[in-house]
Amino acid sequence: MSRDLEELLVELKLDPRELRFGAPLEDSGVDSLALVELSVLLGERGVRVSQEELAAATTLEALDRMVADRLSGR
Amino acid sequence: MSHSDNNGPAAVICGLGTARPDSRVTNEDICGGLGVSAAWIRSRTGIASRARAAHGVSTADLAVQAGARALRTGDGGRVDALVLATITPDHRCPATAPGVAARLGLPGIPAFDLAAACTGLLYALQVAAGFIAARTARRVLIIAADRIPSLVNPQDRATAPLFGEGAAALVVRAGERGAPGALGPIMLAADGRDGSAIVAPHGGFLTMRGPETFQQAVTRMSEASVSAAEAAGWRLADVDRFVPHQANARITAAVVRQLELEDSQALQFIEQVGNTSAASIPLTLAQASADGRLLPGHRVLMTAFGAGLTWGAATVVWPALSPSDLKEAVQ
């Protein structure tokens, strides 16, 4: 997992040891509200992500890829 | 966003009272009907139970109880106006406030309802401050009373877990700027372009687009808080107690994070009563005063966001209220 996403998730007070890379997000404690919280944090970093984009990332792996793409393209 | 800046008397908080229904609806009571677990509700809202008035208790009943307590804890002076912040009035017509004023022994004073949803308390404070600055009134009773569960579809998991019922009231009087209890500049704003995010049509249930509401709440409360603190000449680090509208514990956490405040600066009072709409800020102030988290001299930054969309923020240096007053206020 990228350092960027790990930092964001730690900021949301999720425990990095509990994160399951290939499993559904909920298994890592990333619920639907956490995705909204993540979009707020990304917004602070100048990256706008729609709810549809976030909802399409159903695993931590997919979320990691999406966040890395968006942060690199900001 | 606008705020008033004038040279008239300041509005100074001098009385506080609450009406907190004793009954509680727990997560266990509602989770089955929503198809989720009690833990699911708790993790997404920070709420364990919601205050619920007994059958037949009206918005006016809650408002009268809170208003009477605030008047008893105030300085005993004559109240010249009553502003009732509510979006759950007892009737379409007339407004609820005149009847509340009459039941409080205040017939004849101007009394009206103010509908700004969860931001209602801050809007009412600004109206009261305007009355006082214009010397239209020397003392104003502000009551925030809402029964949002009466608007909610009990099977809607986006709204049903959130709301409790309650009322709280403040007495504000004319006084000097900078005195303990004197309100700083109040920041208010509204934007109806996004109003469909939170709607309760006539005869229908409240609906809320959750993710959009969450994002807007965090952004708007953060912006308003920065503006209100700046207008008061405070740095955010100077704030002793941050009192956001108690919408959802995770919204509060996100605003605290965005403003880079310490968790210890933020007051929470949602776990046992739920989101009580316009009443949530004064209910939190009363509870924190009673349990010692909020002390005289604390620099308090309040902010709210609600349907409309409406939002705002205000500052106050918390005044000294006697322990017996506080006990009375939160009974």
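Because the structure is predicted, anything quoted here is derived from the model rather than measured.

Things to note about the UniProt feature "domain: Beta-ketoacyl-[acyl-carrier-protein] synthase III N-terminal" (unreviewed entry) in chain B
Per the UniProt record, "domain: Beta-ketoacyl-[acyl-carrier-protein] synthase III N-terminal" (unreviewed entry) is annotated on residues 112-178 of chain B. Annotation note: span residues 112-178 of chain B, helix share 21%, strand share 34%, distance between end C-alpha atoms 29 Å.

What about the packing of helix H2 (residues 32-44) of chain A against helix H7 (residues 249-258) of chain B?
Two elements in contact, H2 of chain A and H7 of chain B, have axes whose closest approach is 11 Å; the angle formed by their N-to-C orientations is 15°. With respect to each other, H2 of chain A and H7 of chain B are oriented roughly parallel. The interaxial crossing formed by H2 of chain A with H7 of chain B has right-handed handedness. Between H2 of chain A and H7 of chain B, the contacting residues are Leu-33, Ala-34, Glu-37, Val-40, Leu-41 and Glu-44 of chain A on the first element and Arg-250, Arg-257 and Gln-258 of chain B on the second.

Structural notes on the UniProt feature "domain: Beta-ketoacyl-[acyl-carrier-protein] synthase III C-terminal" (unreviewed entry) in chain B
As recorded in UniProt, the feature "domain: Beta-ketoacyl-[acyl-carrier-protein] synthase III C-terminal" (unreviewed entry) lies at residues 230-318 of chain B. Its end C-alpha atoms 18 Å apart, residues 230-318 of chain B is made of 28% helix and 22% strand.

Things to note about the sheet that holds strand S8 (residues 187-190) of chain B
Residue and element names in this part refer to chain B. Read across the sheet, four strands follow the order S8-S13-S12-S11 without closing on themselves; strand pairing throughout is mixed. Only two strands of the sheet have a single partner each, and these edge strands are S8 and strand S11 (241-244). The sheet shows a mean angle of 10° between the axes of neighbouring strands, direction not considered. Relative to strand S12 (residues 299-306), S11 is paired through four bridges, and the arrangement is parallel. Considered in S12, the bridge of Pro-244 is made with Thr-303. The strands that helix H8 (residues 280-291) touches are S11 and S12; relative to S12, the one it contacts most, it runs at about 150°.

Parameters at a glance
- Residues numbered from 1 in each chain as written.
- Chains lettered and ligands numbered in written order.
- Predicted model: local features only at pLDDT ≥ 70, side-chain atom pairs only at ≥ 80, totals over all residues.
- Heavy atoms only, no water.
- UniProt positions renumbered as here; feature names shortened; annotations may be inferred.
- Helix = DSSP H or I, 4+ residues; strand = E, 2+ residues; numbered from the N terminus.
- Axes fitted to C-alpha atoms, helices over the stretch in contact; angles between N-to-C directions.
- Parallel < 35°, antiparallel > 145°, perpendicular 65-115°, else oblique.
- Left-handed = near helix turned anticlockwise from the far one by under 90°.
- Contact = heavy atoms within 4.5 Å.
- Pairing = 2+ DSSP bridges.

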